Amino acid sequence: MSQTNPFETALLRYLSPQQLATIQSKKIAIGGAGGLGSNVAVALVRTGFRLLTILDKDVVDASNFNRQDYTLKDIGRPKVEALKERLLSINPDLQVVGIKQSWAERSAGRPFQNCDIVVEAFDQAEWKFRFVEFYRTRAPFVVSGNGMAGLLQKAPMTLKKVGNVYLVGDGTTSITDGNPPLAPRVIQCAARMAEIVLDLTLGLIPA
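Here the structure is a predicted model, which is why all the values come from computation and not from measurement. (Residues numbered from 1 in each chain as written. Predicted model: local features only at pLDDT ≥ 70, side-chain atom pairs only at ≥ 80, totals over all residues. Heavy atoms only, no water.)

Draft legend 1. Main features of helix α4 (residues 79–90). Here α4 is 12 residues long and its end C-alpha atoms lie 17 Å apart, about the 16 Å a rise of 1.5 Å per residue gives. Along α4, the positions that sit buried rather than exposed are K79, V80, A82, L83, L87 and I90. For α4, the angular spread of buried residues about the axis comes to 165°, placing them on one side. On the buried face of α4, the contacting elements are α1 (6–11), α3 (35–46), β2 (51–55) and β3 (95–99). (Helix = DSSP H or I, 4+ residues; strand = E, 2+ residues; numbered from the N terminus. Expected span 1.5 Å × (residues − 1). Buried < 20%, exposed > 50% of the residue type's maximum accessible area, 1.4 Å probe, protein only. Arc of directions from axis to C-beta. Contact = heavy atoms within 4.5 Å.)

In C-alpha cells, the structure reads:
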C-alpha cells in the first residue's frame, strides 16, 4: 500500500492490514463492462481490489446510462477505456488492464490467465453460458449474474452455488420479456456479485 494514497489509508479504518493485503493480492477478471461489469468493477475497487482485467468490445452509448457507470463525456469511447479512467479516479494505484475485443473460446485463455476469480458480466444468455462453461474448469472461482431485469414483475434475487460457480440474480427475467434493465435491480445484482468476490477472497463463505 502506498503511504501517500489517502483512499487506501482510509480503508484501514474498516479492514485490517492483513485483510487489505489479501484483497490487493487477488487478480480479478471481468468479462463485460456494461450494467453488471461496470458496477462490479467500481464496487471492487472501492473495497480495495487493485488488480483488474476487464474485457469488452463495445463503446459507450447514451442508452447505457440507465444502469451502467458512465457519463455524458464517455459517449463514443470504448467502455474499457472509460471504465479504467473512472476506476483510476477512485484509486490511482490500481493496475487495470482494459481489453477492447470480443470474447471467444479460441483466445479466451490469454486475457484472464492466472486470475483468481473470474466474473461473468455479459448481456446475452448464450455468451453467459459459454463464458461460464469455459472458465469453470480453468479458474478457481466464477461469479455470474443471471436475471436482473424487471419493472412490474420482480422476482427475488438469489444465490446458487454449482461447484466453483456462484450464480447471482433471479435466474428468470430477461429484457426480451419486456422487462427493462434498470439501475436498481442491475446494481443490486452487481453489488451481490462484488460481495461474493470479497467473501471468497477473505474466506468468508465456503469454497
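Next, the rest of the story.
Draft legend 2. Structural view of the sheet that holds strand β5 (residues 141–145). Spatially, β3-β2-β1-β4-β5-β7-β6 is the arrangement adopted by the 7 strands of the open sheet, whose pairing is mixed. At either end of the open sheet lies a strand with only one pairing partner, and these are β3 and β6 (158–162). Recorded for the sheet is a direction-independent mean angle of 15° between the axes of neighbouring strands. The sheet contact formed by strand β1 (residues 27–31) and strand β4 (residues 117–120) spans 4 bridges and is parallel. Its bridge partner lying in β4, I28 is registered against I117. Sheet strands touched by helix α5 (residues 125–135): β1, β4, β5 and β7 (165–169). Its angle to β4, the strand with the most contacts, is close to 170°. Strand contacts of helix α6 (residues 183–202): β1, β4, β5, β6 and β7, with the helix running at about 170° to β5, the strand carrying the most contacts. (Pairing = 2+ DSSP bridges. Axes fitted to C-alpha atoms, helices over the stretch in contact; angles between N-to-C directions.)

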